[in-house]
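Residue-level structural notes
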Amino acid sequence: MNIISDETYHIYNQGNNGEPLFLKDEDYIQFLRLFRKYVSPYSKVLAYCLMPNHFHFLIHATKDSEKIKRIGNIDLCQLSNGFCLLQSNYATYFNKQNERTGSLFRQKTKAKSMTEGDKNYGFTASQYIHQNPLKAVLVKRMEDWIYSSFADYLKLRNGTLCDQELAFRLIGFNKENFAAESYKSIDEDLIPKIFI
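Residues numbered from 1 in each chain as written. Predicted model: local features only at pLDDT ≥ 70, side-chain atom pairs only at ≥ 80, totals over all residues. Heavy atoms only, no water.

Remarks on the pattern of salt bridges
- Within this structure, the stated rule accounts for 9 salt bridges.
- A salt bridge links lysine 67 to aspartate 64; its shortest N-O distance comes to 3.0 Å.
- With a relative accessible area of 46%, lysine 67 lands in the partly exposed category.
- Glutamate 143 is the partner of arginine 141 in a salt bridge, and the nearest nitrogen-oxygen pair spans 3.6 Å.
- Judged by its relative accessible area of 17%, glutamate 143 is buried.
- Among the charged side chains, a salt-bridge network with shared partners connects Arg141, Glu143 and Asp144. (Salt bridge = Lys/Arg side-chain N within 4 Å of Asp/Glu carboxyl O. Buried < 20%, exposed > 50% of the residue type's maximum accessible area, 1.4 Å probe, protein only.)

Listed below in structure tokens is the structure:
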């Protein structure tokens, strides 16, 4: 990942060959624990959703995100290194829990900058991220999927992972109409634009 501070990125990855990443509640919780340890110190989270076989984060890069860390003979920015550590530590946990070996995630985590999209990129990406469980028919209401930031924005719980004020400022959510706007259908032509 080539990360520049003060830019916002849609960061995502999925299970190798579409395989599940999370089989039980404890798996999701462990992934979020590791995210807080390895990624949160180097970024501001605006939105997220963990799905059974993939994840999405909308992340605002900070100066700490782009700092270079030398790993062996490879230079990685702190945010990229954080995602590498998150995925490798989570894969170790998951493999041990499920008596499996081998790669759990696709080899490359993707990151698309908001500057590469149109002026509504952040809003579209956030809508897409939050609508994922609904579109996959995992829930009937987005706020019922507990592994997403949507319930935090509705103040149904006191989640601390997202910097909501920064999200409202950068993405331009209307606080009073957040739920209604989030439930609006996304123009199908816009969805491919939030991915690399």
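Continuing now.
Describing unusual backbone geometry
- Positive phi outside glycine occurs at aspartate 6, with the angle close to 70°.
- Inspection of the secondary structure puts aspartate 6 in the segment before strand S1 (8-14).
- The backbone of glutamate 99 shows a phi angle near 45°, a positive value even though the residue is not glycine.
- One can find glutamate 99 in the loop between helix H3 (78-97) and strand S6 (110-113). (Helix = DSSP H or I, 4+ residues; strand = E, 2+ residues; numbered from the N terminus.)

Structural notes on the environment of lysine 135
- Turning to its location among the elements, lysine 135 is positioned in helix H4 (residues 121-135).
- Residue class for lysine 135 comes out exposed when judged on its relative accessible area of 55%.

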